[in-house]
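Below are the chains, spelled out letter by letter.
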Amino acid sequence: METQGVVDPYSFAMDSALHALAPRAKSRDELLKHLIKRGVELETANAVLDHLELQGLLNDLEFAKLWAESRQRQKKLSKRVISSELRGKGVSQDVIDEVIEGIDDDAEYQMALSLAEKKFRTCSHLEPEKIYARVSGVLNRKGFSSSMSSRIIRELLGTQAAN
């Protein structure tokens, strides 16, 4: 209800929340922090977030699934990095665990192998120690374990020796 340029706090909070959700989905915690930063009182912010959840516009599980799928597809990130990112976005550990369990280990391995093969093609002419350093470096930056990196590099170097 607008009277001489004054907007009620709930309407302001709802407009701010909807505007924040327009570019991409957000976790409840991200949206709560956004509203508080905009000067919305905690009680009003929680009422708006509850309303958005009831409407299906705010859902941490769906947000986490979309985030994980996007980060795997676009950035080729490991489960470990995705889990850390979701934690940083205020998603509960139960939701994170459910999403991470849904990521296939074989698919993650194939993604890491694909990344490693791409890097390997650019440095296969170097000594094995430098190949190891470069390939493991790219895999480590994407959050893959050192044991997975070692296994993939052994495979790649074994393939190279066979050719």
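The following refers to the structure shown. (Residues numbered from 1 in each chain as written. Predicted model: local features only at pLDDT ≥ 70, side-chain atom pairs only at ≥ 80, totals over all residues. Heavy atoms only, no water.)

### Some points on the packing of aromatic side chains
Here is step 1 of the chain: As enumerated under the stated definition, the model contains one aromatic pair in all.
Here is step 2 of the chain: When the ring centre of Tyr109 is taken as origin, the NZ or CZ atom of Arg151, which lies over that ring, is 4.1 Å away. (Phe/Tyr/Trp six-rings, centres within 6.5 Å; stacked < 30°, edge-to-face > 60°. Lys NZ or Arg CZ within 6 Å of the ring centre and 35° of its normal.)

### Notes on the nonpolar core
Here is step 1 of the chain: Ranked by size, the top nonpolar core spans 18 residues in total, and within it Val135, Leu139, Phe144 and Ile152 carry the most contacts.
Here is step 2 of the chain: Counting only elements with at least two residues in this core, the list comes to helix H7 (105–123), helix H8 (128–141) and helix H9 (146–162).
Here is step 3 of the chain: Broken down by element, the residue count for this core peaks at eight residues, all from H7.
Here is step 4 of the chain: Counting 14 residues, the second-largest nonpolar core is a separate cluster that includes Ala20, Val48, Leu49 and Leu58. (Core = buried A, V, L, I, M, F, W, Y, C linked by side-chain atoms within 4.5 Å. Buried < 20%, exposed > 50% of the residue type's maximum accessible area, 1.4 Å probe, protein only. Helix = DSSP H or I, 4+ residues; strand = E, 2+ residues; numbered from the N terminus.)

### Focus: the pattern of salt bridges
Here is step 1 of the chain: Tallied over the entire structure, the rule returns ten salt bridges.
Here is step 2 of the chain: Between Glu85 and Arg71 there is a salt bridge, with its nearest N and O atoms 2.7 Å apart. Taken together, the residues Glu85 in helix H5 (residues 79–88) and Arg71 in helix H4 (residues 60–75) connect sequence positions 14 residues apart.
Here is step 3 of the chain: Among the ionic contacts, a cluster of salt bridges with common partners joins Arg24, Glu30 and Lys89. (Salt bridge = Lys/Arg side-chain N within 4 Å of Asp/Glu carboxyl O.)

### Here we look at the environment of Arg73
Here is step 1 of the chain: Residue placement: Arg73 occurs in helix H4.
Here is step 2 of the chain: Spatially, the C-alpha atom of Arg73 lies 27 Å from that of His34, the residues being 39 residues apart in sequence.
Here is step 3 of the chain: Among the polar contacts listed, one links the side chain of Arg73 to the side chain of Glu69, at a separation of 2.8 Å. (Polar contact = N/O pair within 3.5 Å; in protein donor to acceptor, adjacent residues only side chain to side chain.)

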